[in-house]
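Architecture at a glance
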Amino acid sequence: MFIGAQVSLYPMTSDFVDVILTGLKGLDPYRDDLRIETDDMSTLMVGAPGPLLDAIRDLFAAAARRPEHVTMHVTLSRGCPGEPDDPTCRCETLTRAQNQSLDQRQAEARAAVAEAPVTGVGIDVQFSLYVLGQDRHMDEIYGCIDFLKASGTFLKSKNFCTRLRGDAGAVFETVRQAFLRFGPAEGHVTIDLTASANSPSLR
């Protein structure tokens, strides 16, 4: 399986270079575990979803600890049939989820969010889950929405997406659980995500 993300950070300040470099320092602990490639448009991260989602969380949290308004766009993908298998993308959660009911997956997802680390950084996220190549994809999406509403990070439903708010640890754990526990374990699943912190609109 191939699991990865394209990540772009957008600071709303003329000092954007320093904000981006601050965020990229959050990736340092994960450089041995992930393939990380940065160009002028985005940063590609490929690897197991544990360090992958932790790296995305820490990248954004590092930038969001500064006072400037910053946003981030992420495209997450697992199981894309157009990508080669990568042995670094192993995931026990996906293997276990193959034989679990929707209720079991929701319960384990809620428990994981409850145990998420606290970063002290408040963020907002809106994202959409796409279960591809499956006739009953809406069953998985509705199951994911039920989990989100009980996750403790749910803010509201919007057209085409769900809004989350809270500590970056809990919010990104919610996204991780949505990504790994809903949709077929061996299927193609993607998430389109936008994160925001320090927005003046909330003041």
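This text gives an overview of the structure that appears in the document. The residue numbering used here restarts from 1 in each chain and proceeds along that chain's sequence as written. Per-residue local features of the predicted model are confined to residues with pLDDT of at least 70, and side-chain atom pairs are confined, for both listing and counting, to 80 or more; whole-chain, interface and lining totals are unaffected and use all residues. Computation of side-chain values covers all heavy atoms of the structure but excludes hydrogens and water.

1. Focus on the overall build of the protein chain
Across its full length, the protein chain carries six helices and eight strands. Comment: elements are numbered from the N terminus, with helices defined as DSSP H or I runs of at least four residues and strands as E runs of at least two. The order of helices and strands in the protein chain, counted from the N terminus, is β-α-β-β-α-β-α-α-β-α-β-β-α-β. What the globule rule says is 2.2 Å times the number of residues to the power 0.38, and the radius of gyration is computed from C-alpha atoms. Relative to the 2.2 N^0.38 estimate, which gives 17 Å for 203 residues, the radius of gyration of the protein chain is 16 Å and therefore close to what a compact globule would have. The buried label applies to any residue whose accessible area, calculated with a 1.4 Å probe on protein chains only, is under 20% of its type's maximum; exposed applies above 50%, and partly exposed to all values in between. Sorting the 203 residues of the protein chain into buried and exposed places 53% on the buried side. Of the roughly 9800 Å² of accessible surface on the protein chain, 51% is carried by carbon and sulfur atoms. Charge counting follows a simple rule: Lys and Arg are positive, Asp and Glu are negative, and His as well as the terminal groups are ignored. Each charge is placed at NZ for Lys, CZ for Arg, CG for Asp and CD for Glu. Considering the protein chain, the positive charge centre built from 20 side chains and the negative charge centre built from 27 side chains are found 6 Å apart. The protein chains shown are the only cover counted for residues, whose accessible areas, like all others here, come from Shrake-Rupley with a 1.4 Å probe.

2. Some words on a nonpolar patch on the surface
To count toward a patch, a residue needs a relative accessible area above 30% and no salt bridge. Like charges then connect within 9 Å, nonpolar side chains (Val, Leu, Ile, Met, Phe, Trp, Tyr) within 5 Å. Take a side-chain nitrogen of Lys or Arg and a carboxyl oxygen of Asp or Glu: if they are within 4 Å of each other, that pair is a salt bridge. Taken together, the side chains of Phe16, Val17 and Leu21 make up a nonpolar region of the molecular surface, amounting to roughly 270 Å² of accessible area. Position of Phe16 relative to the elements: it lies in helix 1 (residues 16-25). Residue classification places Phe16 among the partly exposed residues on the basis of a relative accessible area of 42%.

3. With respect to the sheet that holds strand 5 (residues 122-132)
For two strands to be treated as a pair, DSSP must find no fewer than two bridges joining them. The eight strands lie next to each other as 2-3-1-4-8-5-7-6, forming an open sheet whose pairing is antiparallel. The open sheet is flanked by strand 2 (35-38) and strand 6 (154-158), the only strands paired with a single partner. In this sheet, neighbouring strand axes are inclined to one another by 20° on average, regardless of whether the strands run parallel or antiparallel. Of the pairings in the sheet, the one linking strand 1 (residues 3-11) to strand 3 (residues 43-46) comprises four bridges and is antiparallel in character. In the strand pairing of strand 3, Ala5 is matched with Met45. Axes here refer to lines fitted to C-alpha atoms; in helices the fit is confined to the stretch in contact. Angles between the N-to-C directions go from 0 to 180 degrees.

4. Thoughts on the packing of helix 1 against helix 2 (residues 49-64)
To characterise two packed helices, one gives the angle between the axes of the helices and the distance between these axes. Closest axis-to-axis distance for the helix 1/helix 2 pair is 7 Å, and the angle between their directions is 140°. Our classification of the angle between helix 1 and helix 2 gives oblique. Handedness of the crossing formed by helix 1 with helix 2: right-handed. For the pair formed by helix 1 and helix 2, the contact residues are Val19, Thr22, Gly23 and Leu24 on the first element and Leu59, Ala62 and Ala63 on the second. Angular relationships are summarised with four words: roughly parallel below 35 degrees, roughly antiparallel beyond 145, roughly perpendicular across 65 to 115, and oblique for the angles in between. Rotating anticlockwise by less than a right angle from the far helix to the near helix defines a left-handed crossing, while the corresponding clockwise rotation defines a right-handed one. Throughout, a contact is declared for two residues whenever any of their heavy atoms are within 4.5 Å.

5. Some words on the packing of aromatic side chains
To pair, rings of Phe, Tyr and Trp, with the six-membered ring standing in for Trp, must have centres within 6.5 Å; the planes then decide the type, stacked if under 30 degrees apart, edge-to-face if over 60, and tilted in the middle. Within the structure shown, the criterion is met by one aromatic pair. Judged by centre distance (5.8 Å) and plane angle (20°), the rings of Phe147 and Phe182 are stacked. Taken together, the residues span a long stretch of sequence, with Phe147 in helix 5 (residues 137-149) and Phe182 in the loop between helix 6 (168-181) and strand 8 (188-197) at a distance of 35 residues. The pair Phe147 / Phe182 is uniform in exposure class, with both members buried. Whether a charge lies above a ring is judged from NZ of Lys or CZ of Arg, which has to be within 6 Å of the ring centre and within 35 degrees of the ring normal. Sitting above the plane of the Phe179 ring, Arg78 keeps its charged end 5.9 Å from the centroid.

6. A word on helix 2
For a helix, the expected span equals 1.5 Å multiplied by the number of residues minus one. Taking 1.5 Å as the rise per residue, helix 2 with 16 residues should run 22 Å; its terminal C-alpha atoms sit 22 Å apart, in good agreement. Of all 16 residues making up helix 2, 14 are buried, and the element is well covered by its neighbours.

7. With respect to the environment of Arg136
By secondary structure assignment, the location of Arg136 is in the loop between strand 5 and helix 5. Distance in space between the C-alpha atoms of Arg136 and Gly183 is 9.4 Å, their sequence separation being 47 residues.

8. A short note on the state of the cysteines
When two cysteine sulfur atoms are found within 2.5 Å, that pair is recorded as a disulfide. For the structure on display, the rule yields zero disulfides. Take Cys80: it sits in no disulfide, and the sulfur closest to it among the cysteines is that of Cys89, at 12 Å. In this structure Cys161 is a free cysteine whose sulfur lies 13 Å from that of Cys144, the closest cysteine sulfur available. Residue class for Cys161 comes out buried when judged on its relative accessible area of 15%.

Shape is all these values report; function is a separate question.
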